[in-house]
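Per-entry structural report
In case you want the letters, here they are:
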Amino acid sequence: MELEDSGPQTIMEAQGQSVALGCKYKPSPADTGDLDIEWSVVSPDTTQKDQMLVSFSGGTKYVHSENSLSKGMSFSRPDPSMGDASLSIAAVTPSHSATYQCKVKKSPGVDTRKVSLVVMVKPTVPRCWVEGAQMVGEPVSLHCKSAGGSGPLTYTWSRQSGAPGVNLEQQDSATGELKISNHSWSYAGLYLCEVNNAVGSERCQVHLRASKPPNRAAVVVGTVIGCILLILILLLFIAVLYWKLRGRRRNDKEFSNEIREDVPPPESRPVSRRTTRSSGPSHHVSYDPVGGTELSWSDDVHSDMPSSKNPVYTPVQYDSKYGYAV
C-alpha cells in the first residue's frame, strides 16, 4: 500500500470556504485483504486517543457523529475504494484548524498521511485617515487599520493620483502608518491602503490635501492683542466691582449717621402732693394767661377757716423734666 504525497502538508483556507484534504492511494498486488479507510483528528496530547471522523469499511461509509467536527464532512468521491479517499469539508470554521490523519489499510499493506488545516479569517475592510494639519512644511501621517482578520496582517500604501516620484518608503507594513516628515504640495493626492493575509485582502482610500500655513507673525500679534484685551476687560471688571462696593459702604455710613438715638422713656412721677380732704388742705393749680406762669391755691377744708375767704394764689414752677408743676 502506498499513498501519494505521503509527506506532511499544511493547507490554509479562509473561513466559510470548502476544502478537500487529499488522500490518494495505490495498493500493491500483494494487498489482498479488505479495504479499510479512516479519517481522524490527531490529538495534540500524545497521551490521548485520536478522534475518529469518517471511515469506510466493508464497502460502507460511516460518519462518526459523536465528534462535533464531523458535521459537514464526507468523502470527496462517491466510492472511496477507487483509489481516492480524500476528505471534503463543506464550510470550514476556525474550530476546524487541526491536524488530520488519513489511514488506508488493505492487508497486509497499510499507510498513513497527515494534513494540517489552518482556517483563517479574511481581513475586514480597513479604515483610512490622516493625522496632522496637512499644512505645507508640517509633519503628517496616513493611517490604515483593519478591525478584524487573522494575523499576521500586512499593510501596503500606494499612490493613486498626484505628482509622480513621491517617496513612500517611510511606511510600516505592520501598523499601516505612512509618515511624511515634511509635507509639500507634491504629496497631495489620493492614496490607497491594502491589507492582506494568507487568505484574503481588503482596501480603503484617503485623500491627502496640502494647504498654505497661516502667517505666524499675524498669529503672534493676534494672540498678544487678545491677551491685552483680556487683561483690560479684567481690570475694568475689578474697577467696576470696587466702585460699587465703595458706593455701597458710603451709603451705609450715611444711613447710619441719620439714625437718631431714641429718647429714653420718662421717669416715673413722684408721689402726688395731693392728699385727701380729711388730712389737710387741697392745692389747686391754674395757668395765668397774662404772666405765663402757673398759680396754685389751697382750700382749707377745716371748719375753723371761714369759707368766705378768698383763695390765695401762689406762683409755682413747671418742671419740664417731669411734665407737670411742682
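Use the structure listed above.
Position numbers for residues count from 1 along each chain, tracking the sequence in the order it is written. Totals for whole chains, interfaces and linings use all residues, but because this is a predicted model, local features are given only for residues with pLDDT of at least 70 and pairs of side-chain atoms are given and counted only at 80 or more. Neither water nor hydrogens contribute to the side-chain values; these are computed over all heavy atoms in the structure.

This paragraph deals with the sheet that holds strand E10 (residues 98-106). DSSP bridges decide pairing: two strands pair if at least two such bridges lie between them. Numbered from the N terminus, helices here are DSSP runs of H or I no shorter than four residues, and strands are runs of E no shorter than two. Reading across from one edge, E2-E11-E10-E5-E6-E7 is the order of the 6 strands in this open sheet, with mixed pairing throughout. Strands at the two margins of the open sheet, each flanked by one partner only, are strand E2 (9-14) and strand E7 (60-63). The mean inter-strand angle of the sheet, taken between neighbouring strand axes irrespective of direction, is 20°. To obtain an axis, a line is fitted to C-alpha atoms, over the contacting stretch when the element is a helix, and the angle between two such axes runs from 0 to 180 degrees between their N-to-C directions.

Attention now goes to the state of the cysteines. When the sulfur atoms of two cysteines come within 2.5 Å, that pair is taken as a disulfide. In this structure the tally under the stated criterion is 3 disulfides. At a sulfur-sulfur separation of 1.7 Å, the disulfide partner of cysteine 128 is cysteine 204. Taking the sign of the torsion about the S-S bond as the criterion, the disulfide between cysteine 128 and cysteine 204, at about 65°, is right-handed. Placement of the pair is cysteine 128 in strand E12 (residues 127-131) and cysteine 204 in strand E18 (residues 200-208), with a sequence separation of 76 residues. Disulfide pairing places cysteine 144 opposite cysteine 193 at an S-S distance of 2.1 Å.

For our purposes a nonpolar core is just a set of buried Ala, Val, Leu, Ile, Met, Phe, Trp, Tyr and Cys residues, chained together by side-chain atoms within 4.5 Å. Burial classes follow relative accessibility: with a 1.4 Å probe on protein chains only, a residue under 20% of its type's maximum area counts as buried, one over 50% as exposed, and anything between as partly exposed. In terms of nonpolar packing, the biggest core is built from 27 residues, with Trp39, Tyr100 and Val104 touching the most fellow members. At the level of secondary structure, the elements contributing two or more residues to this core comprise strand E3 (19-21), strand E5 (35-41), strand E6 (51-57), strand E8 (73-75), strand E9 (87-89), E10 and strand E11 (109-120). At 4 residues, E5 tops the list of elements feeding residues into this core. Core analysis: the next-biggest nonpolar cluster, separate from the first, contains 18 residues, Cys128, Cys144, Tyr155 and Cys204 among them.

For side chains bearing opposite charge, pairing can occur when the charged atoms are close. For salt bridges, the criterion is a side-chain nitrogen of Lys or Arg within 4 Å of an Asp or Glu carboxyl oxygen. By the definition in use, this model includes 2 salt bridges. Residue aspartate 84 is joined to arginine 77 by a salt bridge in which the shortest nitrogen-to-oxygen separation is 3.1 Å. With relative accessibility at 11%, the residue aspartate 84 sits in the buried group. In this structure, glutamate 194 engages arginine 203 in a salt bridge whose closest nitrogen and oxygen atoms are separated by 3.2 Å. Judged by relative accessible area, arginine 203 falls into the partly exposed class, the value being 46%.

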